[in-house]
Amino acid sequence: MRKGTVDALKKLAPPVVRWPGGCYADTYHWRDGIGPQKDRPISFNENFGTYQRDRHSFGTDEFMEFCELIGAQPWFNINMLSASVQEMKDWMEYCNRSEKTSLSNQRKDNGHAEPYAVKY
């Protein structure tokens, strides 16, 4: 994360930050952005006709850290175009489940034992 961006947004103190934004949310699959960055899939971001490689280096856990650094509540935009309702339920389980499940254990393995308590 860029320190200048974090510092500037911390001063602005936004109450809520949404992610992923815009058209990217329509193609984003949250599982591509968790776990060790070296193991994340590389795909093409075809939004806006740029066809840039997406290494998924900024994912759920990085976003949650970013929100914590700037003091904002996270707002997850769900993928309504190319994902399923189950995928979205799984994302919330990964983020919020306190009981031991495969997904909450995966969050713990990815460095965050406590639930994130995402509201939005």
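Scroll up to find the structure.
Structure report, in brief. Being a predicted model, the structure only gives us computed values, none of them experimental.

### A look at the overall build of the protein
Right, so step 1: A count of helical and extended segments in the protein gives 4 helices and 4 strands.
Right, so step 2: In sequence order, the protein lays out its α and β elements as α-β-β-β-α-β-α-α.
Right, so step 3: Relative to the globule expectation of 14 Å for 120 residues, the C-alpha radius of gyration of the protein, 14 Å, shows essentially globular dimensions.
Right, so step 4: Viewed in the frame of its principal axes, the protein has a C-alpha envelope of about 40 × 35 × 25 Å.

### Some remarks on the side chain of Asp54
Right, so step 1: Checked against the element boundaries, Asp54 lands in strand E3 (residues 52-54).
Right, so step 2: Look at Asp54: it is buried, it has no salt bridge, and the nearest opposite charge is Arg55 at 8.2 Å.
Right, so step 3: Separated by 2.3 Å, the side chains of Asp54 and Tyr24 make a polar contact.
Right, so step 4: What Asp54 contacts, discounting residues up to four positions off in sequence, is Tyr24, Pro41, Ile42, Ser43, Phe44 and Asn45.

### Things to note about the environment of Asn96
Right, so step 1: Relative to the assigned elements, Asn96 resides in helix H3 (residues 85-96).
Right, so step 2: Take Asn96: its relative accessible area is 27%, and that puts it in the partly exposed class.
Right, so step 3: Each C-alpha atom of the pair Asn96 and Leu69 lies 19 Å from the other, and the pair is 27 residues apart in sequence.
Right, so step 4: Aside from chain neighbours lying at most four places away, what touches Asn96 is Arg107, Pro115, Tyr116, Ala117 and Val118.
Right, so step 5: In terms of polar contacts, Asn96 uses its side chain to reach the backbone amide nitrogen of Ala117, at 3.1 Å.

Scoring rules and cut-offs
- Residues numbered from 1 in each chain as written.
- Predicted model: local features only at pLDDT ≥ 70, side-chain atom pairs only at ≥ 80, totals over all residues.
- Heavy atoms only, no water.
- Helix = DSSP H or I, 4+ residues; strand = E, 2+ residues; numbered from the N terminus.
- Rg over C-alpha atoms; globule rule 2.2 N^0.38 Å.
- Buried < 20%, exposed > 50% of the residue type's maximum accessible area, 1.4 Å probe, protein only.
- Lys, Arg positive; Asp, Glu negative; His and termini not counted.
- Salt bridge = Lys/Arg side-chain N within 4 Å of Asp/Glu carboxyl O.
- Polar contact = N/O pair within 3.5 Å; in protein donor to acceptor, adjacent residues only side chain to side chain.
- Contact = heavy atoms within 4.5 Å.

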